[in-house]
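Summary of structural features
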Amino acid sequence: MDRAEVDTRIRTIIEPFNKKGIVITEDTTFAGDLEFDSLTVMDFVAAIEDDFDIIITMNQQAEIEKYGQLVDAVHSQVSN
Amino acid sequence: MSEGIIQADKPPRRTGDTPDLFSKFDDTIALRENLLASGVEDPFSLVMEQVLSPTRAICNGRDTILLGTYNYMGMTFDPDVVAAGQQALADFGSGTTGSRVLNGTYQGHKECEDALREFYDMDHAMVFSTGYQANLGIISTIAGKGDYVVLDIDSHASIWDGCAMGNAEIVPFKHNDIAAMEKRLKRIPEGAGKLVVLEGVYSMLGDIAPLKEMVRIAKENGAMVLVDEAHSMGFIGENGRGVVEDAGVIDDVDFIIGTFSKSVGTVGGFCVSNHPKFEIMRLVCRPYVFTASLPPSVVATAATSIRKLMTASAKREHLWKNSRRLHSGLTELGFTLGTDEPQSAIVAVIMPDLEKGAAMWSALLTEGLYVNLARPPATPANMTLLRCSLCAEHSDEEVETILGMFERAGKAVGII
């Protein structure tokens, strides 16, 4: 799966979590721009994990602040 | 508890004094000040001036029924337990001044571990200075770099802190969700070490874990299993060994973690196991090695209490009766509870918000009833809870008195 495909799928998954309809770019931050709290993060991560059949450990989550970083992290897992 | 969830980064809001390292606590300071400004008594600085029994104390000058102390089996004033502590204090002094692996292992520590081995019918028992340190020590030591810890998102702070202190990959799953746990286990790379961490009773809502299925799935997927039974020891399971015993899976779990600060009635923590190499933990587990051991009086009271809990079936029955009565009574009064059925000795009353919760807590204290106020971020789903923990020593009459207090306070605050 190429990066663009991963990006498209994550954009679909993120929709119900993007309550304020923020326009998402590579630099959009989850905590700041999207105002995800810890519970939202948990549900959102679980949705991505189930969709791509991967694990994003909390150690990895700690490194992901921006949307683009998430796409990269998922892409690197699914392309392996 | 959910403290382990990654909190959203917030820009520091520096107000008032010169900004320093304490500026990060400004939000918490403001929250607390607003709460106290509403006129409630401070829920987090209650002083018990006198303790009259496992169920009664003088709190802030008032005779108060204790319904939030986790003193499930009421062992704190048991005459045999108190006498054992007094004797050990006289014979062995006030403290050991040393680590378990140096000068801090007395006869009493060995006897306490013997009592635990018998209580759980297991080969090994290791006593820590607190229950928090037991989870911290065991989890951080056995799950190292490259290993995976799979745990319930509502795990206690001591479990999260054990994860944070180790170097393993941390994989949480939705509370009590068997399928979510299984999916994550199956996605772990082949050959990696796996530890599944569960709790028998989750202390916030008082609900139990579906251990029969979860332990089976964990073992099928090649994981070791650790179960924290802090809130079940002494009264769940035929011999009081916890939800693992009640669910019939005690022989399949690798480690049981427990505490002396609830049913046992003193302070301390432990891990029991049948693992053939378990004793090495005494040398490699830092929260065990680099702290002073429990005072002789504490291990003597613990050992005596543990042995009495083995045969405390009458007390167990009365505790369950109390739990059922409080649960049904509060339900009839119209309160929203954490579980539909009483599953443990914890009955959690869900409050509409923190302000109403604090007002209700304060009104109950004025009535002469102490419960725990639990608030975010320690609670699941950011709920505010009034957590009630019953004691085998609460009389039937006391439980009825408690229900009357809840009714009056609930109406005064406008919750029911």
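Everything numeric here is computed off the predicted structure, so don't read it as measured data. (Residues numbered from 1 in each chain as written. Chains lettered and ligands numbered in written order. Predicted model: local features only at pLDDT ≥ 70, side-chain atom pairs only at ≥ 80, totals over all residues.)

Observations regarding the overall build of chain B
As a reminder of what qualifies: Numbering of helices and strands runs from the N terminus; a helix is a DSSP stretch of H or I covering at least four residues, while a strand is a stretch of E covering at least two. Counting other C-beta atoms within 10 Å of each residue's C-beta, where C-beta atoms are placed from the backbone, gives the exposure class: buried for 20 or more, exposed for 12 or fewer, partly exposed between. Any pair of residues counts as being in contact when their C-beta atoms, constructed from backbone geometry, are within 7 Å of one another.
The secondary structure content of chain B amounts to 14 helices and 16 strands. In chain B, buried positions account for 52% of the 416 residues. Look at the contacts in chain B between residues 6 or more apart in sequence, and 72% of them connect residues 24 or more apart.

Side note on the nonpolar core
All names here are of chain B. Selection rule: What we call a nonpolar core is a set of buried Ala, Val, Leu, Ile, Met, Phe, Trp, Tyr and Cys residues whose membership is set by joining through C-beta atoms within 7 Å. Note that the domain bounds reflect an automated or database-derived domain assignment.
Judged by nonpolar contacts, the single largest core of 143 residues is most densely connected at Ile139, Val149, Val150, Leu211, Val349 and Met360. A domain split of this core shows at least three residues from each of domain 1 (37-73 + 313-413) and domain 2 (79-309). Ignoring anything within four residues of it in the chain, the contact list for leucine 211 reads Leu198, Gly200, Val227, Val243, Val244, Ala247 and Val249.

Examining the sheet that holds strand S10 (residues 224-228) of chain B
Remark on secondary structure: sheet strands pair via backbone hydrogen bonds, oriented parallel or antiparallel. Residue and element names in this part refer to chain B. Under the convention used in this document: Strand pairing is assigned whenever DSSP detects at least two bridges linking the two strands. Interaxial angle, 0 to 180 degrees, is taken between N-to-C directions of lines fitted to C-alpha atoms, where a helix line uses only the stretch in contact.
With mixed pairing, 7 strands are arranged side by side in an open sheet as S4-S12-S11-S10-S7-S5-S6. In this open sheet, the two strands that pair with only one neighbour each are strand S4 (124-128) and strand S6 (169-173). Taken pair by pair, the neighbouring strands of this sheet meet at an average axis angle of 20°, ignoring direction. Set on the sheet, helix H3 (residues 107-120) makes contact with S4, strand S11 (255-259) and strand S12 (269-273); between it and S4 the angle comes to about 130°. Of the strands in this sheet, strand S5 (148-152), S6 and strand S7 (194-199) touch helix H6 (residues 178-187), which is tilted by about 155° from S6.

Observations regarding the sheet that holds strand S3 (residues 62-66) of chain B
All names here are of chain B. Reading across from one edge, S1-S2-S3-S14 is the order of the 4 strands in this open sheet, with mixed pairing throughout. A single partner strand is all that each edge strand has here, and the edge strands are strand S1 (48-53) and strand S14 (369-370). Across 4 bridges, the pairing between strand S2 (residues 56-59) and S3 is antiparallel. Within S3, the position partnered with isoleucine 58 by the bridge is aspartate 63.

Examining the interface of chain A and chain B
To keep it simple, the criterion reads: Residue type decides the class: Asp, Glu, Lys and Arg count as charged, Ala, Val, Leu, Ile, Met, Phe, Trp, Tyr, Cys and Pro as nonpolar, and the leftover types, Gly among them, as polar.
Of the residues lining the interface, 17 residues belong to chain A; the matching set on chain B comes to 19 residues. Counting residues per element, the ones that place at least two in the side of chain A that touches chain B are helix H2 (38-52) and helix H3 (58-61) of chain A. Tallied by class, the residues present in the side of chain A that touches chain B amount to 10 nonpolar, 4 polar and 3 charged.

Things to note about the UniProt feature "domain: Aminotransferase class I/classII large" (unreviewed entry) in chain B
The criterion, for reference: UniProt positions are given in the numbering used here, feature names are shortened, and annotations may be inferred rather than shown by experiment.
Per the UniProt record, "domain: Aminotransferase class I/classII large" (unreviewed entry) is annotated on residues 63-403 of chain B. Helix makes up 40% of residues 63-403 of chain B and strand 18%, with an end-to-end C-alpha separation of 17 Å.

Brief notes about the packing of H6(B) against helix H7 (residues 211-220) of chain B
Residue and element names in this part refer to chain B. The following threshold applies: Here the word oblique covers every angle except those under 35 degrees (roughly parallel), over 145 (roughly antiparallel) and from 65 to 115 (roughly perpendicular).
Direction vectors running N to C along H6 and H7 enclose 10°, while the axes themselves pass 10 Å from each other. Regarding the angle of H6 to H7, the classification is roughly parallel. Residue-level contacts link Ile178, Met181, Glu182 and Leu185 of H6 to Glu213, Met214, Ile217 and Ala218 of H7. Per-class residue counts for the contact of H6 with H7 are 6 nonpolar, no polar and 2 charged.

Here we look at helix H13 (residues 354-367) of chain B
Residue and element names in this part refer to chain B. Here is the rule: Multiplying one less than the number of residues by 1.5 Å gives the expected span of a helix.
Taking 1.5 Å as the rise per residue, H13 with 14 residues should run 20 Å; its terminal C-alpha atoms sit 20 Å apart, in good agreement. Listed as buried for H13 are Gly357, Ala358, Ala359, Met360, Trp361, Ser362, Ala363, Leu364 and Leu365. Once H13 finishes, glycine 368 follows within two positions and takes phi at roughly 100°, a positive value.

Quick notes on the domain arrangement of chain B
Residue and element names in this part refer to chain B. For chain B, the assigned domains are domain 1 (37-73 + 313-413) and domain 2 (79-309). Between domain 1 and domain 2, the contact holds 18 residues from the first and 19 residues from the second. Taken together, the elements giving at least two residues each to the side of domain 1 that touches domain 2 come down to helix H12 (313-333) and strand S13 (346-351). No other element matches S13, which puts 3 residues into the side of domain 1 that touches domain 2. When grouped by side-chain class, the residues that make up the side of domain 1 that touches domain 2 number 11 nonpolar, 6 polar and 1 charged.

Describing the pairing of S3(B)
Regular strands have side chains that alternate between both faces of the sheet. Residue and element names in this part refer to chain B. The hairpin formed by S2 and S3 contains 2 residues between the paired strands, and asparagine 60 there has a positive phi angle of roughly 45°. Here S3 pairs with S14 via 2 bridges, running parallel. What sits directly across from isoleucine 65, in S14, is leucine 369.

A short note on the packing of helix H1 (residues 3-14) of chain A against H2(A)
All names here are of chain A. Spelled out, the test is: With the far helix as reference, a near helix turned anticlockwise by less than a right angle produces a left-handed crossing, and one turned clockwise produces a right-handed crossing.
Relative orientation of the contacting elements H1 and H2 amounts to 135°, with a least axis distance of 10 Å. As far as their axial angle goes, H2 and H1 are oblique. Here H1 and H2 pass one another in a crossing that is right-handed. Of H2, the residues touching H1 (which contributes Arg9, Ile10, Ile13 and Ile14) are Phe44, Ala47, Ile48 and Asp51.

Looking at the pairing of S10(B)
All names here are of chain B. Burial within S10 is extensive, with 4 of its 5 residues counted as buried. Sheet analysis places S7 next to S10, joined by 5 bridges and oriented parallel. Note that in S10 the partner of leucine 195 across the bridge is methionine 224. Direction of pairing for S10 relative to S11: parallel, over a ladder of 3 bridges.

Structural notes on unusual backbone geometry
Residue and element names in this part refer to chain B. Residue asparagine 60 is not a glycine yet carries a positive backbone phi of 45°. Along the polypeptide, asparagine 60 turns up in the loop between S2 and S3. One non-glycine residue with positive phi stands out, namely tyrosine 70, at about 60°.

Considerations on H6(B)
Residue and element names in this part refer to chain B. To keep it simple, the criterion reads: Directions pointing from the helix axis toward each C-beta atom define the arc.
Of the positions making up H6, those classed as buried are Met181, Arg184 and Leu185. The arc that holds the buried residues of H6, viewed along the axis, is 100°, so those residues lie on one side. Exposed side of H6, more than 90 degrees from the buried face: Ala179 and Lys186 are the residues found there. Buried residues in H6 make contact with S5, S6, S7 and H7.

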